[in-house]
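# Close look at the chain arrangement
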Amino acid sequence: MVERVSVTQKEVSLSDDEFIVSKTDLKGKLTYINRTFMRISGFPEAELLGFPHNVIRHPDMPRGVFKLMWDTLRDGNEFFGYVKNRCKDGGHYWVFANITIDYGLDNKPLGYYSVRRKPTPRALDHIIPIYREMLAIEAGSSGKNAVEASLQFFRDELARNDTDYLDMMMKIENGELG
Ligand SMILES: Cc1cc2nc3c(=O)[nH]c(=O)nc-3n(C[C@H](O)[C@H](O)[C@H](O)COP(=O)(O)O)c2cc1C
């Protein structure tokens, strides 16, 4: 049983040359984590391996972002996105994540593979207000509508910037937006 503590404002940062790596099965259950994952999150291997990836889910993350993530992967595409994750002690860390499909020799998907690095502070200045708005929208509606409404807000934001999701992620990360 994984102990859950309330979230705090404590932030942990990755250094510029560190990568957090994990692999999951097709349902998102962890099958591999690297040492950086354990050190930054504070969870030991025994509390991660075999558990669903949402063990590190932070309550500040909008559900719409994960829907977009799963829809993208199930469509056979790789996903890029900013994620705020929860540490075992209630702290958090931000990552810029890339998730790809892990194919077997027969070309059938076996699971997913994620590599994450430290996001630029400027990128977070863009993404935090968007996620905050999505979270407020989700809190204000119920069930499936909540996620759809928050994703619609995101799509409108993309349209306002005359871009699509992937292009916006790259522009944000490369400091080309705003
Ligand atoms: C390869 C892979 C990596 C993931 N990485 C994270 C992550 O770093 N943080 C996170 O909260 N969810 C991550 N997820 C998504 C979780 O599986 C889950 O959908 C999410 O935490 C939302 O939890 P919920 O489905 O219980 O709402 C990842 C999923 C996959 C397949």
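To be clear, the structure that these remarks concern was listed above.
The structure contained in this document is the topic of the report that follows. The structure displayed is predicted, hence computed values, not measured ones.

Among the 14 residues in the neighbourhood of the ligand, the closest are listed as Asn54, Phe66, Trp70, Asn85 and Arg116. The side chain of Asn54 places a nitrogen or oxygen atom 2.7 Å from an oxygen atom of the ligand. For the ligand, an oxygen atom lies 2.8 Å from a polar atom in the side chain of Trp70. Considered on its own, the ligand offers 610 Å² of accessible surface; in the complex 85% of this is hidden by protein.

To continue, consider unusual backbone geometry. Phi is positive for Asn107, close to 70 degrees, though the residue is something other than glycine. The topology assignment puts Asn107 in the loop between β4 (92–103) and β5 (109–117). We note that Asp162 has phi near 55 degrees; this positive angle belongs to a residue other than glycine. Looking at the element boundaries, Asp162 is found in the loop between α4 (143–160) and α5 (165–173).

The subject of this paragraph is the layout of surface pockets. Size it by volume and the largest pocket reaches roughly 420 Å³. Lining the largest pocket are 24 residues, with His53, Asn54, Phe66, Met69 and Trp70 sitting closest to its centre. Within the residue set of the lining of the largest pocket, elements represented by two or more residues are β1 (20–25), α2 (63–74), β3 (79–86), β4 and β5. Across the lining of the largest pocket, the residue classes break down as 13 nonpolar, 7 polar and 4 charged. Each pocket or cavity is described by its volume, and for the second largest pocket that value is around 150 Å³.

Relative to the assigned elements, Arg116 resides in strand β5. Lacking a salt bridge, the buried Arg116 has Asp25 as its closest oppositely charged neighbour, with an N-O distance of 12 Å. A polar side-chain atom of Arg116 sits 2.9 Å from a polar atom in the side chain of His53. A distance of 3.3 Å separates the side chain of Arg116 from the side chain of Ser114, its partner in a polar contact. With residues near it in sequence (within four places) discarded, Arg116 still touches Leu14, Glu18, Phe19, Ile20, Val21, Ser22, Phe37, His53, Val95, Phe96 and Ala97.

Time to look at the pattern of salt bridges. Applying the stated criterion across every chain, the model contains 11 salt bridges. For Lys23, the salt bridge is made with Asp102, and the minimal N-O distance between the two is 3.6 Å. One end of the pair, Lys23, is in strand β1; the other, Asp102, is in strand β4, with 79 residues separating them in the sequence. Residues Lys67 and Asp71 are paired through a salt bridge, measuring 2.6 Å at the closest nitrogen-oxygen approach. Note that Lys67 and Asp71 are positioned in helix α2 at a spacing of 4 residues, about one turn of the helix. Judged by relative accessible area, Asp71 falls into the partly exposed class, the value being 32%.

To continue, consider the environment of Ile40. For Ile40, the position within the fold is in helix α1 (residues 35–41). Classification of Ile40 as buried rests on a relative accessible area of 5%. Spatially, the C-alpha atom of Ile40 lies 7.8 Å from that of Ser13, the residues being 27 residues apart in sequence. Other than its neighbours up to four places away in sequence, Ile40 contacts Val12, Ser13, Leu14, Glu18, Ile20, Cys87 and Tyr93.

Quick notes on the rules
- Sequence order as written defines residue numbering, which begins from 1 separately in each chain.
- Side-chain atom pairs in this predicted model are given and counted only at pLDDT of 80 or more, local residue features only at pLDDT of at least 70, and totals for whole chains, interfaces and linings cover all residues.
- By convention in this description, side-chain values take in all heavy atoms of the structure and omit both hydrogens and water.
- Note on terminology: near, applied to a residue and a molecule or strand, indicates that one of the residue's heavy atoms is within 4 Å of it.
- Here a polar contact is recorded for every N or O atom pair within 3.5 Å, except that within protein the pair must consist of a potential hydrogen donor and a potential acceptor, and residues adjacent in sequence are included only if both atoms are side-chain atoms.
- Each accessible area is a Shrake-Rupley estimate made with a 1.4 Å probe; only the visible protein chains count as cover when residues are assessed.
- Only DSSP runs of H or I with at least four residues qualify as helices, and only runs of E with at least two residues qualify as strands; both kinds are numbered from the N terminus onward.
- Only protein atoms enter the calculation, which uses a 1 Å grid: trapped sets of points that fit a 1.4 Å probe without letting it out are cavities, open sets showing protein on both sides within 12 Å along at least five of seven lines are pockets, and any residue with an atom within 4 Å of a point is a lining residue.
- Grid points are joined across faces, edges and corners, and a volume is the space filled by probe spheres set on the points.
- Lys, Arg, Asp and Glu make up the charged group, whereas Ala, Val, Leu, Ile, Met, Phe, Trp, Tyr, Cys and Pro make up the nonpolar group; the residues left over, Gly among them, are polar.
- With a 1.4 Å probe rolled over the protein chains alone, any residue whose accessible area is under 20% of its type maximum counts as buried; one over 50% counts as exposed, and the rest are partly exposed.
- Counting rule for charge: Lys and Arg are taken as positive, Asp and Glu as negative, and neither His nor the chain ends is counted.
- Salt bridges are identified by distance alone: a Lys or Arg side-chain nitrogen within 4 Å of an Asp or Glu carboxyl oxygen.
- For this analysis, residues touch if any pair of their heavy atoms sits within 4.5 Å.

Note that every value here comes from positions in space, so none of it alone points to a role or purpose.
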